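Listed below, chain by chain, are the residues.
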Amino acid sequence: MKRKSFILVLYFGCFLTLTGCWSQKELTDLAIISAMGIDLTENGEYASTLQIINPSNVAGGLQGGGAGQGPPVSIYTATGSSIIEMNQRASKKLPRRRYYAHTNLLVIGEELARKEGITGILDAIERHQEFRMTAVIIIAHGVKASDLLKVLTPVDKIPAKKIIKNLRFTEEQWGEVFTLNLQDVKKDMTAVGKSPVISGFSIEGDPVQGSKMENVQTSDPETTLSATGLAIFKEGKLVDWIDGKTARGTVLILDK
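Residues numbered from 1 in each chain as written. Predicted model: local features only at pLDDT ≥ 70, side-chain atom pairs only at ≥ 80, totals over all residues. Heavy atoms only, no water.

**Thoughts on the pattern of salt bridges**
Thought 1: By the definition in use, this model includes nine salt bridges.
Thought 2: Two residues, Asp156 and Lys165, come together in a salt bridge whose shortest N-O distance is 3.3 Å.
Thought 3: In this structure, Lys194 engages Asp188 in a salt bridge whose closest nitrogen and oxygen atoms are separated by 3.3 Å. (Salt bridge = Lys/Arg side-chain N within 4 Å of Asp/Glu carboxyl O.)

Take a look at the structure:
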């Protein structure tokens, strides 16, 4: 009898230590963000572009951009005087909770990188409880980050995945760009006598046409995304671009 009582008390003790599902997040309530772009508006505010995955249009597989009934991603934008306000305002348009744990790509607009720099942006993102510092960072070369993220890509349905894979294959086979994540950039910014060098991406073709489903429903897409050049930073701000042999030499010097 004593043994049974002891086991019963032990069971109840175990139950008290179990947390259960008090913090569960239903998939149907989440907006999974694959990429985020940040630009500078004409009035000096920050503009956020969120590339959100449409699960029903990606469920058939990640290959073959035009196979679904609709676009594989949706784009939502918001503005704010700070990074935090900008992201909070996005909730006014989204029917689901923003989920940044799967955000693998951060795109910074060229104008923002030149005028404001990236120091404040990286600081705000590092403090975010979901955003991972392993996300890849690129600079929009000659275009806005919003235009870059709106382009639909063939072969890989999710544009953010296409950009990251494109960057890595170009790094391996051509050598004028290289992959860099947010943690790497933070280390370069805090290192003595060192500044970040970040790969750029540009749009080849018409950005408006690239945002339409017709762009991935043809064997010869009118608009494509391409890895182009390295952005040179000084004191957190973009100061110049290099490409060609100069970029390849820089990659060798940086041991990338």
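**What about helix H5 (residues 119–126)?**
Thought 1: Among the residues of H5, those classed as buried are Ile121, Leu122 and Ile125. Looking straight down H5, one finds its buried side chains confined to an arc of 95°; they lie on one side.
Thought 2: Contacts from the buried residues of H5 go to strand S1 (30–40), helix H3 (83–89), strand S5 (105–109), helix H4 (110–115), strand S6 (136–140) and helix H8 (182–190). (Buried < 20%, exposed > 50% of the residue type's maximum accessible area, 1.4 Å probe, protein only. Helix = DSSP H or I, 4+ residues; strand = E, 2+ residues; numbered from the N terminus. Arc of directions from axis to C-beta. Contact = heavy atoms within 4.5 Å.)

**Section: the packing of aromatic side chains**
Thought 1: As enumerated under the stated definition, the model contains one aromatic pair in all.
Thought 2: Above the plane of the ring of Trp174 lies Arg248, whose end atom (NZ or CZ) is 4.4 Å from the centre. (Phe/Tyr/Trp six-rings, centres within 6.5 Å; stacked < 30°, edge-to-face > 60°. Lys NZ or Arg CZ within 6 Å of the ring centre and 35° of its normal.)

**Some words on the nonpolar core**
Thought 1: Ranked by size, the top nonpolar core spans 66 residues in total, and within it Ile38, Leu105, Ile108, Ile138 and Leu182 carry the most contacts.
Thought 2: Here this core takes six residues from S1, the largest share from any one element.
Thought 3: Once residues within four sequence positions are removed from consideration, Ile108 is found in contact with Ile38, Ala113, Ile118, Ile121, Ile137, Ile138, Ile139, Ala140 and Ala145. (Core = buried A, V, L, I, M, F, W, Y, C linked by side-chain atoms within 4.5 Å.)

**A look at the side chain of Ser146**
Thought 1: Structurally, the position occupied by Ser146 is in helix H6 (residues 145–150).
Thought 2: A relative accessible area of 11% means that Ser146 is categorised as buried.
Thought 3: Those residues in contact with Ser146, other than ones at most four positions away along the chain, are Asp39 and Thr49.

**Quick look at the side chain of Asn87**
Thought 1: Assignment of secondary structure puts Asn87 in helix H3.
Thought 2: Residues in contact with Asn87, not counting those within four places in the same chain, are Met36, Ser48, Arg98 and Tyr100.

**Section: the confidence of the model for the protein chain**
Regions with low pLDDT should not have their predicted coordinates read in detail.
Thought 1: Here the protein chain averages 88 in pLDDT, and 91% of its residues register 70 or above.
Thought 2: Throughout residues 62–67 the model reports pLDDT below 50, and contacts reaching past four residues in sequence, or to other chains, amount to 18 contacts. (pLDDT = per-residue confidence, 0-100.)

**Some points on the pairing of strand S7 (residues 197–204)**
Thought 1: Across the eight residues of S7, seven count as buried, placing the element largely inside the fold.
Thought 2: As paired strands, S6 and S7 are joined by two bridges and run parallel to one another. Bridged to Ala140 within S7 is Phe201.
Thought 3: The pairing of S7 with strand S8 (residues 224–234) spans seven bridges and is classified as antiparallel. Across the sheet, the residue bridging to Ile203 is Leu225, located in S8. (Pairing = 2+ DSSP bridges.)

**Observations regarding the environment of Gly244**
Thought 1: Mapped onto the fold, Gly244 is located in helix H10 (residues 244–253).
Thought 2: Under the relative-accessibility criterion, Gly244 is labelled partly exposed at 24%.
Thought 3: For the pair Gly244 and Val177, spaced 67 residues apart in the sequence, the C-alpha separation amounts to 9.8 Å.

**Observations regarding the environment of Ala47**
Thought 1: By the secondary structure assignment, Ala47 is in strand S2 (residues 46–53).
Thought 2: Spatially, the C-alpha atoms of Ala47 and Ile83 are 8.7 Å apart, while their sequence positions differ by 36 residues.
Thought 3: Apart from residues lying up to four places away in sequence, Ala47 is in contact with Gly37, Ile38, Asp39, Thr41, Ala78, Thr79 and Met86.

**Some remarks on the pairing of S2**
Thought 1: Along S2, seven of the eight residues are buried, which leaves the element largely enclosed by surrounding structure.
Thought 2: Judged from the seven bridges that link them, S1 and S2 form a sheet pairing that is antiparallel. Each bridged residue has a counterpart across the sheet, and for Met36 the counterpart in S2 is Leu50.
Thought 3: Between S1 and S2, which pair antiparallel one after the other, the connecting turn spans five residues, and Gly44 there sits at a positive phi close to 85°.
Thought 4: Where S2 lies against strand S3 (residues 73–80), eight bridges are found, and the strand directions are antiparallel.

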